[in-house]
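# Descriptive structure summary
Residue strings, one per chain:
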Amino acid sequence: MITAADQAYFSYYGLDRARAKGYTGEGVTIAMIDGNVNTSVPELAGANITVKTPCTINSSPALETHGTGVASILVSADYGVAPKVSLLAYQGTFGADGDQGSSDCDDPSGVTKDSQPWLLNQAMNDGAQIINLSASSDDGNDQMKWTVARAMSSGVILVTAAGNSATDDDLTSLSRWSGVIGVTAISTDGTRQDYSSWGEGVVTASIGGPV
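Described below are features of the structure shown in this document. (Residues numbered from 1 in each chain as written. Predicted model: local features only at pLDDT ≥ 70, side-chain atom pairs only at ≥ 80, totals over all residues. Heavy atoms only, no water.)

## As for the state of the cysteines
Summed over the entire model, instances satisfying the criterion amount to 1 disulfide. Disulfide pairing is shown between Cys55 and Cys105; the S-S distance is 2.0 Å. Residues Cys55 and Cys105 share a disulfide whose torsion about the S-S bond is about 90°; that sign makes it right-handed. In this pair, Cys55 is assigned in the loop between β2 (49-51) and β3 (57-58) and Cys105 in the loop between β5 (100-101) and α4 (116-125), connecting sequence segments 50 residues apart. You can call Cys55 buried: its relative accessible area is 9%. (Disulfide = S-S within 2.5 Å. Helix = DSSP H or I, 4+ residues; strand = E, 2+ residues; numbered from the N terminus. Buried < 20%, exposed > 50% of the residue type's maximum accessible area, 1.4 Å probe, protein only.)

This is how it looks when you write it as structure tokens:
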């Protein structure tokens, strides 16, 4: 079982001291759009997670590993950044390894239920105050534009990864949109991880490995 001692970010950010002061995220609702979350893993025991995926998505084990890992970083009782939040987990389609939504993902609006704009809006409808998307996104269409505008006007915080291609990746990150928080990865010595991307949309950095 993974513990706080295995996670470099836990001591780097002094999360034990934050917890001791009562900063656990209790009363906050966070949504994540990622791969499927396996809520049965021991690292997520006792976590308040509601799986909200609205349709059938066929994806690879790697995406489930990623989704489960992101969920544990957020809410694991042992090493989660905010172990007491209410976490809403939405599985999206990211196009990797044959990742594909089924016919029940179709929607009369023309925006499929496994797409990022649909899921972001659903997360807001479900009361999310913060939405995490640990993936790149090149959605530059009107649906995404109005989704981001809705989040900004509603005070919902959108957080997204800058990408892992070691380039200026603004055009393939949700942080291309004003108001979205782009995050790049650093190591514990404060230097940028060599795989991590950057761009004008990056406003902060966090420990990206080893995780």
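## A closer look at the pattern of salt bridges
Applying the stated criterion across every chain, the model contains 2 salt bridges. Salt-bridge contacts for Lys52 lead to Asp126; the nearest nitrogen and oxygen are separated by 3.9 Å. Of this pair, Lys52 sits in the loop between β2 and β3 while Asp126 is found in the loop between α4 and β6 (130-133), placing the two residues 74 residues apart along the sequence. Judged by relative accessible area, which is 32%, Lys52 ranks as partly exposed. As a salt-bridge pair, Asp142 and Lys145 come within 3.7 Å of each other at their nearest N and O atoms. Taken together, the residues span about one helical turn, with Asp142 and Lys145 both in helix α5 (residues 142-154) at a distance of 3 residues. (Salt bridge = Lys/Arg side-chain N within 4 Å of Asp/Glu carboxyl O.)

## Observations concerning the sheet that holds strand β1 (residues 29-34)
Read from one edge to the other, the open sheet built from 7 strands follows the order β2-β4-β1-β6-β7-β8-β9, with strand pairing classed as parallel. Of all strands in the sheet, those with a lone pairing partner are β2 and β9 (202-207), marking the two edges. Strand-to-strand twist across the sheet, computed as the mean angle between neighbouring axes with direction ignored, equals 25°. Across 3 bridges, the pairing between β2 and strand β4 (residues 86-91) is parallel. Residue pairing in the sheet places Ile49 in a bridge with Leu87 of β4. (Pairing = 2+ DSSP bridges. Axes fitted to C-alpha atoms, helices over the stretch in contact; angles between N-to-C directions.)

## A few points about α5
With 13 residues, α5 extends 18 Å between its outermost C-alpha atoms, agreeing within 8% with the 18 Å of an ideal straight helix rising 1.5 Å per residue. Taken as a whole, α5 has its buried residues at Met144, Thr147, Val148 and Ala151. The buried side chains of α5 occupy one side of the element, clustering within an arc of 95° when seen end-on. Looking at α5, the residues exposed on the side facing more than 90 degrees away from the buried face are Asp142, Trp146 and Ser153. Summarising the contacts, the buried residues of α5 are in contact with α4 and β7 (157-161). Gly155 occupies a position one or two residues after α5 and carries a positive phi of about 75°. (Expected span 1.5 Å × (residues − 1). Arc of directions from axis to C-beta. Contact = heavy atoms within 4.5 Å.)

## With respect to the packing of aromatic side chains
Following the criterion strictly, the structure yields 1 aromatic pair and no others. Ring geometry for Tyr12 against Tyr13: centres 5.0 Å apart, planes inclined by 85°, an arrangement best described as edge-to-face. On the accessibility criterion, Tyr12 (38% relative accessible area) is partly exposed. By relative accessible area, which is 38% here, Tyr13 ends up partly exposed. Above the plane of the ring of Trp177 lies Arg176, whose end atom (NZ or CZ) is 5.9 Å from the centre. (Phe/Tyr/Trp six-rings, centres within 6.5 Å; stacked < 30°, edge-to-face > 60°. Lys NZ or Arg CZ within 6 Å of the ring centre and 35° of its normal.)

## Topic: the environment of Ala205
Position of Ala205 among the secondary structure elements: in strand β9. Separated by 36 residues in the primary sequence, Ala205 and Asp169 place their C-alpha atoms 15 Å from one another. In contact with Ala205, other than residues within four places in its own chain, are Tyr13, Val183, Thr184 and Ile186.

## Overview of the packing of α4 against α5
Between two packed helices, both the angle of their axes relative to each other and the distance between the axes serve to describe the pair. Relative orientation of the contacting elements α4 and α5 amounts to 20°, with a least axis distance of 9 Å. It follows from the interaxial angle that α4 and α5 lie roughly parallel. Between α4 and α5 the crossing geometry is left-handed. Every residue of α5 that contacts α4 at Gln116, Pro117, Leu120, Asn121, Met124 and Asn125 is listed here: Gln143, Met144, Thr147, Arg150 and Ala151. Here the contact of α4 with α5 is composed, by residue class, of 5 nonpolar, 5 polar and 1 charged. (Parallel < 35°, antiparallel > 145°, perpendicular 65-115°, else oblique. Left-handed = near helix turned anticlockwise from the far one by under 90°. Nonpolar A, V, L, I, M, F, W, Y, C, P; charged D, E, K, R; others polar.)

On their own, these measurements won't tell you what the molecule is for.
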